[in-house]
Amino acid sequence: MQDKQFLSPNDVASELSVSASTVLRLIHEQRLPAIRVSERIYRIPVAAFEKYKAAALESPSPARVSPEIKERPSIGAGEPLPEAAEAGAAVRTA
Amino acid sequence: MSESLAQVASYLGGLAVYLRNLGADVPEPVLERYDTGEIGFAIAAELPGLGDPKPAVITAQEIWNPAGDGRFVRAEYAYELIDYPANRRRAFHLHDVPAYLARLGVTAHEHCEEVLGKPTCDHYLGLPVYSGYEGLNALLACWSDPGPLGCARLRCAR
């Protein structure tokens, strides 16, 4: 396991001596952190599995709200805007 | 959907813990208040694993507009993965809405670089990302997959 960065549910099942379906249940119940790659594929970072084994997973708590009023940042600052569409060009929709 | 200030603070705290529990290093998040009446945040997470030349980083930035009665709606975002060890980048953006609508006819756009700093297209057409969790999970899925990002399958919005 040392060289791997990610584990499959089967890898975790083997480590914990439980079934893969038990591991999937832990993932679905959000008790074991995992990355959902597709409907049926999950990857568990080794670092997340170590936290799970050490019972070191955190529970969510609200972020602090700043008492200060700041200048509004510009998201995407520095990113060049796309070229202007030519007059009469069709407008594309996503 | 509008949320109260407390709900947005809980959502932000949840995003940070989501990343931390996956092994990322995330500083304590702060929900900022802006001079426009909007609120927002920016978080940066160093992902675990190879740190050569430096760790992969995921950033999430959001701005929420006031919607009356002390509630807010998510109006702009940028979710970004810069995977330094794999030398690539993936991002989901929604910002400068009037400009993008006028120039591309879409609001959301994406960035995809199979080789970091060498995009074959500056902006790809994107679909809206409905929450930070959706954006982060999509980026984490890219990070966890050693295969190509699949930029060639996206539609260039040039």
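Residues numbered from 1 in each chain as written. Chains lettered and ligands numbered in written order. Predicted model: local features only at pLDDT ≥ 70, side-chain atom pairs only at ≥ 80, totals over all residues. Heavy atoms only, no water.

Engineer: Any chance you could explain the sheet that holds strand β1 (residues 6–7) of chain A here in plain terms?
Structural biologist: Paired through backbone hydrogen bonds, the strands of a sheet run either parallel or antiparallel to each other. Residue and element names in this part refer to chain A. Taken in spatial order, the 3 strands make up an open sheet running β1-β3-β2, and their pairing is antiparallel. Strands at the two margins of the open sheet, each flanked by one partner only, are β1 and β2 (35–36). Here 2 bridges tie β1 to strand β3 (residues 42–45), and the two strands are oriented antiparallel to one another. Directly across from F6, in β3, lies its bridge partner P45. Contacts between helix α3 (residues 46–53) and the sheet are confined to β1 and β3, with β3 contributing the most and set at about 70° to the helix. (Pairing = 2+ DSSP bridges. Helix = DSSP H or I, 4+ residues; strand = E, 2+ residues; numbered from the N terminus. Contact = heavy atoms within 4.5 Å. Axes fitted to C-alpha atoms, helices over the stretch in contact; angles between N-to-C directions.)

Engineer: I tried to follow the nonpolar core on my own but got confused; where do I start?
Structural biologist: Side chains of nonpolar character tend, in soluble globular proteins, to be buried together. Formed by 43 residues in total, the largest nonpolar core has its most connected members in L19, F41, L47, Y79, L81, L140 and W143 of chain B. Elements with a minimum of two residues in this core: α1 (5–21), β3 (39–46), β4 (57–68), β5 (71–83), β6 (88–94), β7 (108–113) and α3 (132–144) of chain B. The leading source of residues in this core is α1 of chain B, at 7 residues. Discounting residues that sit within four places of it in the chain, F41 of chain B has contacts with Y11, L12, L15, V30, L31, Y34, A60, Q61, E62 and W64 of chain B. Grouped together as the second largest cluster of nonpolar side chains are 12 residues, V12, V23, L26 and F49 of chain A included. (Core = buried A, V, L, I, M, F, W, Y, C linked by side-chain atoms within 4.5 Å. Buried < 20%, exposed > 50% of the residue type's maximum accessible area, 1.4 Å probe, protein only.)

Engineer: Would you take a moment to explain α3 of chain A for this structure?
Structural biologist: Three or four residues apart is the spacing at which side chains of an α-helix point the same way, because the helix has 3.6 residues per turn. Listing the buried residues of α3 of chain A in full gives V46, A48 and F49 of chain A. Across the axial projection of α3 of chain A, the buried residues extend over an arc of 160°, all falling on one side. Next to the buried residues of α3 of chain A lie β1, α1 (9–16) and β3 of chain A together with α1 of chain B. Immediately downstream of α3 of chain A, the backbone of A55 of chain A shows phi near 55°, a positive value. (Arc of directions from axis to C-beta.)

Engineer: I tried to follow the state of the cysteines on my own but got confused; where do I start?
Structural biologist: Here, disulfide denotes a covalent bond that connects the sulfur atoms of two cysteines. Residue and element names in this part refer to chain B. Counting across every chain of the model gives 2 disulfides over all chains. The disulfide partner of C121 is C156, and the gap between their sulfur atoms is 2.1 Å. Torsion about the S-S bond of the C121 and C156 cystine: about 90°, corresponding to right-handed handedness. Residue C121 is found in the loop between β7 and β8 (124–125), and its partner C156 is found in the segment after α3; the two are separated by 35 residues along the sequence. Residue C156 is classed as partly exposed on the basis of its relative accessible area of 25%. Cysteine pairing for chain B, with bonded cysteines counted in sequence order: 1-3, 2-4. C112 supplies the cysteine sulfur nearest to C142, a cysteine that is in no disulfide, at a spacing of 7.3 Å. Among the residues examined, C142 registers a relative accessible area of 16% and is labelled buried. (Disulfide = S-S within 2.5 Å.)

Engineer: Even after reading the chapter, I still don't get the environment of E76 of chain B, so can you show me in this structure?
Structural biologist: With respect to the element layout, E76 of chain B can be found in strand β5. Excluding residues within four positions of it along the chain, E76 of chain B makes contact with R72 and I75 of chain A together with Q61, E62, I63, L94, H95 and D96 of chain B. Among the polar contacts listed, one links the side chain of E76 of chain B to the side chain of R72 of chain A, at a separation of 3.1 Å. (Polar contact = N/O pair within 3.5 Å; in protein donor to acceptor, adjacent residues only side chain to side chain.)

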